[in-house]
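Take a look at the letters that make up each chain.
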Amino acid sequence: MKQYDIVVVGGGFAGSAAALAAARNGSSVLLIEQSGALGGAANTCLINPFMPNSTKIHKDDGTFERLELSRGIFAEICEKLESMGAKEGISFHEEYLKMILDDMMEEAGVDVLFHATLCECEAENGSIKSVTVITKAGKITFNAKQFIDCTGDADLAVMSGCPYHLGRESDNLCQPMTLCFRIANVDEKEFFTPECKEQRQAIYKRWKAEGKTSNPRENILLFRTMVDGVIHFNTTRVVKRNPVDPFDVSWAEREARRQMYDIYRMLKEELHSFRNAQIVSSASWIGARESRMIDGEHILTGDELVNCTKFDDAIAAGNYDIDIHNPEGSGTSHYYFPDGEYYTIPYRSLIPKGIDNLLVAGRCISSTHEAQASYRIMPIVCCLGEAAGTGASVAVKSGCMPKDADIKAIQKILLNNGAFLG
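Now for a quick tour of the structure.

Scoring rules and cut-offs
- Starting afresh in each chain, residues are numbered from 1 along the sequence in its written order.
- Per-residue local features are limited, in this predicted model, to residues with pLDDT of at least 70; the limit for side-chain atom pairs, both in listing and counting, is 80 or more; totals at the level of whole chains, interfaces and linings are taken over all residues.
- Side-chain measures here rest on the full set of heavy atoms in the structure, leaving out hydrogens and waters.
- Helix and strand assignments come from DSSP, with helices taken as H or I runs of at least 4 residues and strands as E runs of at least 2, each series counted from the N terminus.
- The size measure is the radius of gyration over C-alpha atoms, and the globule rule it meets is 2.2 Å times the number of residues to the 0.38 power.
- Throughout, exposure labels follow a simple rule: accessible area from a 1.4 Å probe, protein chains only, divided by the maximum for the residue type, with under 20% read as buried, over 50% as exposed, and the rest as partly exposed.
- Where accessible areas are quoted, they stem from the Shrake-Rupley method and a 1.4 Å probe; at the residue level, only the protein chains shown are allowed to cover.
- The charge count includes Lys and Arg as positive and Asp and Glu as negative, but it does not include His or the ends of the chains.
- Just so you know, the charge point we use is NZ for Lys, CZ for Arg, CG for Asp and CD for Glu.
- Note on geometry: axes are lines fitted to C-alpha atoms, helical ones only across the stretch in contact, with angles between N-to-C directions running from 0 to 180 degrees.
- If an angle is under 35 degrees, it is roughly parallel; if it is over 145, roughly antiparallel; if it lies from 65 to 115, roughly perpendicular; otherwise it is oblique.
- Contacts are assigned to residue pairs that have any heavy atoms within 4.5 Å of one another.
- Residues are grouped as follows: nonpolar covers Ala, Val, Leu, Ile, Met, Phe, Trp, Tyr, Cys and Pro; charged covers Asp, Glu, Lys and Arg; every other residue, Gly included, is treated as polar.
- Counting of polar contacts relies on pairs of N or O atoms within 3.5 Å, with two restrictions inside protein: one atom must be capable of donating a hydrogen and the other of accepting it, and residues adjacent in sequence are counted only when both atoms are side-chain atoms.
- A pair of strands is labelled paired if DSSP reports no fewer than 2 bridges between them.

When you go through the chain residue by residue, the secondary structure sums to twelve helices and 23 strands. Whereas a compact globule of 422 residues would reach a radius of gyration of roughly 22 Å, the chain reaches 21 Å, a difference of no more than 12%. Projected onto its principal axes, the C-alpha coordinates of the chain cover approximately 65 × 60 × 45 Å. Counting all 422 residues of the chain, 58% fall into the buried class. Of the roughly 17,200 Å² that the chain leaves accessible, carbon and sulfur atoms contribute 48%. Averaged over its 44 positive side-chain charges, the chain has a centre that lies 4 Å from the centre of its 57 negative ones.

Laid out in structure tokens, this is it:
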């Protein structure tokens with residue numbers, strides 16, 4: 001079996017960026033993904049569009065310029081999408097994304113293993129020795145010097161014995177799970193008029209009051225897509241279920257499909273613009289906004305975000321609003337950052353306690369429920385992955401553990417590759 005410098009588990013935006021960053025910095029890398037394509041929630045959960053992560057910098061002449069906070073590999077991916085006509089504003093086409101990431105891995109020399117699910121981890125004396133995945137060919141075990149957990153649910157960290165917490169601190173409830181879906185043959189010209197927008201929200205509230213849907217969400221959330229006549233819905237809501245309990249998730253998948261059909265039937269029956277509409281796709285997996293988060297060297301808090309804290313070991317920056325979908329039912333709370341303000345994320349929040357040769361990137365880094373509600377979006381987790389891959393590769397070159405890697409060297413590499421650290 002080939003010996004790798006670094007094994008990355010999870011091929012979403014965090015894992016893809018981690019693998020690319022590590023390989024480009026000279027490490028041999030294996031990227032393990034349980035589905036058949038890279039892109040993570042963008043393809044398995046149909047998560048779209050990219051939520052904005054930028055701020056306005058006002059000038060003395062009354063104008064302003066927009067400061068993009070997610071750069072580096074994420075900006076590179078966006079440029080490639082745009083060059084293929086697969087991105088407009090914050091909307092993108094996930095089928096093109098899959099091919100772009102395939103090409104980027106091949107160019108960087110990353111070995112990619114699809115259809116492989118993490119099932120075992122051998123760890124002793126505070127170090128991971130190997131990971132084992134289950135495939136159609138049976139179990140396969142891989143050894144490496146360093147490992148990066150980009151599973152989204154901290155699966156590898158938990159298997160190796162790292163401490164963690166689930167959801168919000170008071171009751172361990174997580175933000176709701178949502179099944180995204182798409183409806184085609186919609187008359188967009190009529191559907192997106194202000195009058196129709198008010199009408200569909202009023203209809204939805206009436207259907208809820210009449211008990212015609214079990215969806216607890218307060219309104220209908222939807223987006224345009226890059227395909228004419230196709231509308232993307234991010235509006236189902238399953239609450240009080242554990243995203244890492246397989247029986248809860250199985251129930252949530254079925255309940256979300258019921259909610260999807262309620263929305264479709266409601267709009268088809270009530271709106272002229274939906275008279276020819278048809279459901280064309282629903283995500284293969286229900287989307288989880290939040291689940292496990294590691295207990296790391298630093299637990300990032302909501303107060304630190306609100307105070308726009310700038311850490312000495314910053315490896316990413318963000319200002320997407322603290323967007324908390326009620327874990328218990330209706331309602332969504334927001335905290336919006338003032339123009340020109342942003343927070344940074346410390347490298348220490350990627351370092352779990354208990355295991356020396358592991359870094360964690362993505363929505364499961366060390367943080368509170370409130371902080372996670374902001375940094376969980378794809379642009380930011382892509383930057384977290386790039387930082388983790390860079391940190392692991394610096395550690396490999398230096399012959400040390402990631403927590404002992406030179407943070408200045410890590411930051412210099414990130415900056416040279418176009419990252420924004422504040």
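Having seen the model, we can carry on.
Another aspect to go through is unusual backbone geometry. Residue Pro49 follows Asn48 across a cis peptide bond; omega there is 5°. Relative to the elements of secondary structure, Pro49 occurs in the loop between α2 (41-44) and β3 (54-58). Located in the positive-phi region is His115, a residue other than glycine, with phi close to 55°. Mapped onto the elements, His115 comes out in the loop between β7 (111-113) and β8 (117-124). Taking relative accessible area as the criterion, His115 reaches 52% and is therefore assigned exposed. A positive phi angle, near 65°, is found at Asn172, a position not held by glycine.

At their nearest, the axes of helix α3 (residues 72-83) and helix α11 (residues 378-398) sit 7 Å apart, and the two run at 125° to each other. Viewed along their axes, α3 and α11 adopt a mutual orientation that is oblique. Between α3, through Gly72, Ile73, Phe74 and Ile77, and α11, the contact on the second element is made entirely by Pro379, Cys382 and Glu386. Considered class by class, the residues forming the contact of α3 with α11 number five nonpolar, one polar and one charged.

Another point: the side chain of Thr135. Note that Thr135 resides in strand β9 (residues 127-135). The exposure class of Thr135 is buried, given its relative accessible area of 17%. A polar contact is formed between the side chain of Thr135 and the backbone nitrogen of Ala137, at a distance of 3.0 Å. A polar contact of 2.9 Å, which involves the side chain of Thr135, links it to the backbone oxygen of Gly138. Beyond its immediate chain neighbours, meaning those up to four positions away, Thr135 contacts His115, Ala116 and Ile140.

Let us now look at the pairing of strand β20 (residues 322-325). Where burial is concerned, the two faces of β20 agree: the one with Ile322 and Ile324 and the one with Asp323 and His325 are both buried. Relative to strand β21 (residues 332-335), β20 runs antiparallel, the two being bridged by four bridges. The partner of His325 across the bridge, within β21, is Thr332. Connecting β20 to the next strand, β21, in antiparallel fashion are six residues, including Gly331 with a positive phi near 100°.

This next bit is on the environment of Thr132. Residue placement: Thr132 occurs in strand β9. Classification of Thr132 by relative accessible area gives buried; the value is 7%. Separated by 13 residues in sequence, Thr132 and Cys119 have C-alpha atoms that sit 5.9 Å apart. In contact with Thr132, not counting residues within four places along its chain, are Thr117, Leu118, Cys119, Glu120, Lys139, Ile140 and Thr141. In terms of polar contacts, Thr132 uses its side chain to reach the side chain of Thr141, at 2.8 Å.

The residue Lys139 is located in strand β10 (residues 138-149) in this model. Owing to a relative accessible area of 53%, Lys139 belongs among the exposed residues under this scheme. Along the primary structure Lys139 and Ile90 are separated by 49 residues, whereas in three dimensions their C-alpha atoms are 40 Å apart. Sequence-distant contacts of Lys139, defined by excluding residues within four places in its chain, comprise Cys119, Glu120, Thr132, Val133 and Ile134. At a separation of 2.5 Å, a polar atom in the side chain of Lys139 contacts the side chain of Glu120.

Read from one edge of the open sheet, four strands run β14-β15-β13-β16, paired in antiparallel fashion. Two strands bound the open sheet, and with one partner strand each, they are β14 (222-224) and β16 (278-282). Each strand axis lies, on average, 30° off the axis of its neighbour in the sheet, ignoring direction. In the sheet, strand β13 (residues 181-184) pairs with strand β15 (residues 231-233) via three bridges, with the strands oriented antiparallel. Bridged to Arg182 within β15 is His232.

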